[in-house]
Amino acid sequence: MTSYCIAYLWDGSPVPKEDQVTIELVSQDNGDLLCSIHAPFYNDPAPKKPAGSMWELWNHEVVECFFVGKNGHYLEAEFGPHGHYLILKLDAPRSIIQRELSVRYQATIEKDYWTGTVTIPSHYLPDSIERFNLFSIHGTGSQRSYQCYSALPGEKPDFHQPHRFPSYP
């Protein structure tokens, strides 16, 4: 098991300890990836759809995991506190080749924190993962906050810079 902390804003500024997100990644013997999330709960407006796969989840309170393969293809996996998720396969930045893939995802809200657990099947993951990054988004309007494990350059938040992600362990 390897634990990672989303402790920075998208531009590299540190976030307070109480706003940090912890993600644990565990590779299974069959190649699947177990992902456990522990995040502050901001009580942003919940999606108006039932829990499950949901397009445009990134517009809500969400934690995102990106995994990039040797060939540049990547998986974007998003998870929210109310049981919603979105799994996308991309072959280049913002070039979706498969969307709204299905997983078994469970989320629980407990006071000011939420936890989520998902097993990402090995056949969803890109071949030979080389890079990854983790993100958290919350807040509304001008109070929207974009946090990351590894900061990315630019004048505004842009998570689709897989060539700039750190190496995968």
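These numbers come from a predicted model, not from an experiment.

## Some points on the sheet that holds strand E11 (residues 113–120)
So, step 1. Across the sheet, 5 strands lie side by side as E1-E3-E4-E11-E10; this open sheet has antiparallel pairing. Of all strands in the sheet, those with a lone pairing partner are strand E1 (2–6) and strand E10 (105–110), marking the two edges. Neighbour-to-neighbour, the strand axes of this sheet turn through a mean angle of 15°, independent of strand direction.
So, step 2. Note: E1 against strand E3 (residues 21–27), 5 bridges, orientation antiparallel. In the strand pairing of E3, Thr2 is matched with Leu25.

## Quick notes on the pairing of E11
So, step 1. Here E11 shows a buried face lined by Trp114, Gly116, Val118 and Ile120 and an unburied face lined by Tyr113, Thr115, Thr117 and Thr119.
So, step 2. In this structure, strand E4 (residues 33–40) lies alongside E11, joined through 8 bridges in antiparallel fashion. Along E11, the bridge assignment pairs Cys35 with Val118.
So, step 3. Bridge analysis of E10 against E11 gives 6 bridges, and the strand direction is antiparallel. Bridge assignment links Tyr105 to a residue of E11, and that residue is Val118.
So, step 4. The turn joining E10 and E11, which pair antiparallel and follow one another in sequence, is formed by 2 residues; a positive phi near 60° is taken by Lys111.

## Here we look at the pattern of salt bridges
So, step 1. With the rule as written, the count across this model stands at 3 salt bridges.
So, step 2. Residue Asp158 is joined to Arg94 by a salt bridge in which the shortest nitrogen-to-oxygen separation is 2.5 Å. Of this pair, Asp158 sits in the segment after strand E13 (145–148) while Arg94 sits in the loop between strand E8 (84–92) and strand E9 (95–99); the two residues are 64 residues apart in sequence, bridging distant segments of the chain.
So, step 3. Overall, Asp158 belongs to the partly exposed group, its relative accessible area being 23%.
So, step 4. For Arg99, the salt bridge goes to Glu100, with nearest N and O atoms at 3.0 Å.

## Structural notes on the packing of aromatic side chains
So, step 1. What the rule picks out here adds up to 14 aromatic pairs.
So, step 2. With 5.5 Å between their ring centres and 80° between their planes, Phe132 and Tyr168 make a pair best called edge-to-face. Taken together, the residues span a long stretch of sequence, with Phe132 in strand E12 (residues 129–138) and Tyr168 in the segment after E13 at a distance of 36 residues.
So, step 3. Linked through ring pairs, Phe66, Tyr74, Phe135, Tyr146, Phe159 and Phe165 together constitute an aromatic cluster.
So, step 4. Against the face of Trp55 rests Arg99, its NZ or CZ located 3.6 Å from the ring centre.

## Side note on unusual backbone geometry
So, step 1. The phi angle at Arg94 is positive, at roughly 65°, despite the residue not being glycine.
So, step 2. The residue Lys111 is not glycine, and still its phi comes out positive at about 60°.
So, step 3. On the secondary structure map, Lys111 appears in the loop between E10 and E11.

## Regarding the nonpolar core
So, step 1. Residues Ile23, Ile37, Phe67, Phe79, Ile87 and Ile120 are the most contacted members of the largest nonpolar core, which totals 29 residues.
So, step 2. Listed by contribution, the elements that provide at least two residues to this core are E1, E3, E4, strand E6 (62–69), strand E7 (74–79), E8, E11 and E12.
So, step 3. Apart from the residues within four sequence positions on either side, Ile120 is in contact with Asp32, Leu33, Phe67, Leu75, Ala77 and Leu125.
So, step 4. Listed in part, the 16 residues of the second largest apolar core include Phe66, Tyr74, Leu86 and Ile137.

Here is what the cut-offs are and how they apply
Residues numbered from 1 in each chain as written. Predicted model: local features only at pLDDT ≥ 70, side-chain atom pairs only at ≥ 80, totals over all residues. Heavy atoms only, no water. Pairing = 2+ DSSP bridges. Helix = DSSP H or I, 4+ residues; strand = E, 2+ residues; numbered from the N terminus. Axes fitted to C-alpha atoms, helices over the stretch in contact; angles between N-to-C directions. Buried < 20%, exposed > 50% of the residue type's maximum accessible area, 1.4 Å probe, protein only. Salt bridge = Lys/Arg side-chain N within 4 Å of Asp/Glu carboxyl O. Phe/Tyr/Trp six-rings, centres within 6.5 Å; stacked < 30°, edge-to-face > 60°. Lys NZ or Arg CZ within 6 Å of the ring centre and 35° of its normal. Core = buried A, V, L, I, M, F, W, Y, C linked by side-chain atoms within 4.5 Å. Contact = heavy atoms within 4.5 Å.

So far we have only geometry, and geometry alone does not tell us how the molecule works.
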